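# Notes for the structure review
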Amino acid sequence: MRKQFLTTLLLLAFAMPVSLADEGMWIPVLIEKYNIKLMQENGFKLTAEDIYSINRASMKDAVVLFGGGCTGEFISDKGLIITNHHCGYGYIQNHSTLDHDYLTDGFWAGSNKEELSNPGLSVTILKYMEDVTDRVLNGVTEEMDKEKRDALINANITAINADAVKGTHYVSAVRPFFLGNQYFLLVNEVFRDVRLVGAPPSAIGKFGGDTDNWVWPRHTGDFSLFRVYADRENKPAAYSAENVPYRPAYHFPVSLAGVKEGDFTMVFGYPGRTQQYAPSYHIRMLKEVIYPKQVEIRGKKISIMEQEMAKDQLVRLKYSGKSFGLANGWKKWIGEIQSLDKMNGVARKEAFEKEFMEWVAADPERVKKYGKILDEYRDIYKTYTHNYLVNTYTNEVFGSAGVEPASLAAAFRRAVEMAEKKDPGLEKELQRLRDYTDNYFRNFDRHVSEQLFVAVMDLYGKNIEPGWQAEAYRELAAGCRGDFGSVAGKLFDKSIFAEENRVKDLISRFDPKKVEKDPFYRMAVSAANLIESRVRGEMVAADTRLAELNKLYMAAQMEKESDRIFYPDANSTLRLAYGRVMGYDSRDAVYHKHQTTLTGVMEKDNPEIYDYDVPDRLRELYLKKDFGRYNVDGEVPVCFIANNHTTGGNSGSPVLNADGHLIGVNFDRAWEGVASDIMFNPKQSRNISLDIRYVLFIIDKFAGAGYLIDEMTLVGEPQHTP
Ligand code: ASP
């Protein structure tokens, strides 16, 4: 099927219409084959080899996976990386105390020596990728049963990986694309000495806060700067004072030219996860069951945190990262529900499925291969939806900033088992728990935590029927007649896991019996048992079957529309999206322009509202119109939008112009089209980018850190309105 599909695509690549395909997250190694012609016809001035090459330095050498879930890019030959403020947030927070509050005040290292190391943070650079489908499927036959087939595929993958990294310091992975219809080998270099160089105050980097998140027009200076360090041979090395700034094979020239509506633009980065080809049953499950329940419980948690953060700066330092993490998903799901509604997303999928079944019915071969897919989906989702809900909700309640001491207690399960078995590895595990506990209490406040406990207990009782509730919860609810507020204080007093010193004492004189008696430990174990005994088994079986169905359904969709060039769902691998700088109609009579400016920041300025409290220095620069060389017709550009297809993980991605110069840093999407992970809406799906000129302005004029700009390669002349 795959070969046939590729041949068809090759033939059709030349017959494609000359309009810019906005939807799609394309595979870099295939740009030459499928995309470059169209890109060039639409203004791109370089070649596919300039984007991805294994023979010489190319743009792909300048794009990195930042940590586990964001993108960053090199903007100097000394390893300087720009990513989003929200991607660097946790690291900035880790370095922040009430005395050195870098989240509030910003941070500028001043020199290499003062750059701050970040244990646990890595930067991954793709060396090359390769289609290895034939090698992965070598020896696999139609007749093989699933177990044999999986074992053979795994053995093939292990051999491919071993071969790929032999004699190198590289790390490789073989990943499925098109839901398992194709496989690519990705060979990476991973750097682990990554230091914080600079970050604006949150009042710039997070300006607009959760209120503006996922919304256009936007005025957030969402960037932070890091530097990758390497050993003297320019190779990855663990942190050492001897390390030197890494010299990347390529870094992006930074453009002062700016953007106009209609300009060609592309985003090169690591989109995380999309579900473009899922059946209506899956979309209905998310939209009608899972998202609404998650929105409700997260909304409650966020409002508790916000209320307490507003009262106390220390609580803000502790909970801002947690609340941002919760709110990002919470708000996106609300937007997704609305935009799916507006697009009639489920009905559209159903209409497609009807047409699909007609296509299947027209050919007995297809009936044999694909005839049962949709019926099977329907049957599976009947029970899967409920299991999915119980699983997700249990996690929201007992993990994910719900009953916090129970989530800490859960981390001790392994140590308890090891102590009971007298496992010699226990000491090491306790050391791990010591670090874990340190981190945990750095971001814990008992008063906030008690309120979270009461709120999530109430919601758990309301949303999960008794037969599916953790036993320890039912006992507690019966004991207090559902009045969790009346027992919260007592439980927190009684538990070891609500007080740092008690947990530390426990670790130094570890006694599993003591742990097992703890009320929050019992709650954590009881919740885990419920999932393990009642949910996990069925879910794993369903997931396995769904993976097979998804693969088959994907293949069928490609066969049905054999004249279309498909792009694979995002899977945290490097992708290219391209389109144009473009505004959009948001609702009746409201058109959103493509660009925002510093005037818009000042229009929102309100010292009474935390999210909109513009720093004095920025206010001053604005009032004096002291914009330096970043002055564009009396303004400083701040953000812009385009119709590039992006998702979570694209945060921090380079936004490039027709010359491949950096014009922005991607950080978000506009509310109305946010369902693009499931269904791209060409009329309203827009990615939001920080205009690179605002970054330069903040570094140079606001922070007085012009030495960083001296490191960059600036190109392009500012364009002025004629
Ligand atoms: N704002 C997003 C994120 O947090 C980026 C996106 O989904 O467009 O990852």
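Conventions adopted
Residues numbered from 1 in each chain as written. Predicted model: local features only at pLDDT ≥ 70, side-chain atom pairs only at ≥ 80, totals over all residues. Heavy atoms only, no water. Helix = DSSP H or I, 4+ residues; strand = E, 2+ residues; numbered from the N terminus. Rg over C-alpha atoms; globule rule 2.2 N^0.38 Å. Contact = heavy atoms within 4.5 Å. Areas by Shrake-Rupley, 256 points an atom, 1.4 Å probe, with all protein chains shown as cover. Near = heavy atom within 4 Å. Polar contact = N/O pair within 3.5 Å; in protein donor to acceptor, adjacent residues only side chain to side chain. 1 Å grid on protein atoms, 1.4 Å probe; cavity = no way out; pocket = protein on both sides within 12 Å on 5 of 7 lines; lining within 4 Å. Sits in = over half its atoms within 2 Å of the grid points. Nonpolar A, V, L, I, M, F, W, Y, C, P; charged D, E, K, R; others polar. Axes fitted to C-alpha atoms, helices over the stretch in contact; angles between N-to-C directions. Parallel < 35°, antiparallel > 145°, perpendicular 65-115°, else oblique. Left-handed = near helix turned anticlockwise from the far one by under 90°. Buried < 20%, exposed > 50% of the residue type's maximum accessible area, 1.4 Å probe, protein only. Arc of directions from axis to C-beta. Disulfide = S-S within 2.5 Å.

Before going further, it helps to examine the overall build of the chain. In terms of regular secondary structure, the chain is built from 28 helices and 22 strands. Since a compact globule built from 722 residues should have a radius of gyration of about 27 Å, the 26 Å found for the chain is in line with a globular shape. When its C-alpha atoms are laid out on the principal axes, the chain stretches across 75 × 75 × 60 Å. Summarising the internal contacts of the chain: among those between residues at least 6 apart in sequence, 77% fall at separations of at least 24. Carbon and sulfur atoms provide 52% of the accessible area of the chain, an area that totals close to 30,000 Å².

Another aspect to go through is the site of the ligand. Inspection of the region around the ligand gives His86, Trp214, Asn328, Thr647, Gly648, Gly649, Ser651, Phe667, Asp668 and Arg669 as its neighbouring residues. At a separation of 2.9 Å, an oxygen atom of the ligand approaches a polar side-chain atom of Asn328. Here a nitrogen atom of the ligand sits 2.9 Å away from a polar atom, N or O, in the side chain of Asp668. Here the ligand has 270 Å² of accessible area as a free molecule, and 92% of this is covered by the chains. Of the pockets mapped on this structure, the ligand occupies the second largest pocket. Looking at the shell around the ligand element by element, the count peaks at three residues for strand S20 (residues 662–669). Of the residues that constitute the shell around the ligand, the class distribution is two nonpolar, six polar and two charged.

The next point concerns the packing of helix H11 (residues 280–311) against helix H13 (residues 345–361). Running from amino to carboxyl end, H11 crosses H13 at an angle of 165°, the nearest separation of the two axes being 9 Å. When the axes of H11 and H13 are compared, the pair comes out roughly antiparallel. With respect to the hand of their crossing, H11 and H13 are arranged in left-handed fashion. Of H13, the residues touching H11 (which contributes Ser280, Tyr281, Ile283, Arg284 and Lys287) are Val346, Lys349, Glu350 and Glu353.

To continue, consider helix H26 (residues 616–623). An α-helical turn contains 3.6 residues, so a residue and the one three or four places further along point in the same direction. What H26 keeps buried is the set Leu618, Arg619, Leu621 and Tyr622. When H26 is viewed along its axis, its buried side chains cluster within an angular range of 165° and face the same direction. For H26, exposure combined with an orientation more than 90 degrees from the buried face picks out Asp616 and Leu623. Tucked into the core, H26 has its buried residues touching helix H9 (202–205), helix H25 (598–604) and helix H27 (692–702). In the stretch just after H26, Lys625 is the one whose phi turns positive, near 50°.

Further remarks concern the state of the cysteines. Inspection of every chain in the model, using the stated rule, returns one disulfide. Between the sulfur atoms of Cys70 and its disulfide partner Cys87 the distance amounts to 2.1 Å. Because the torsion about its S-S bond is -80°, the bridge between Cys70 and Cys87 counts as left-handed. Of this pair, Cys70 sits in strand S2 (residues 70–74) while Cys87 sits in helix H5 (residues 85–94); the two residues are 17 residues apart in sequence, bridging distant segments of the chain. Assessed through its relative accessible area of 11%, Cys70 is described here as buried.

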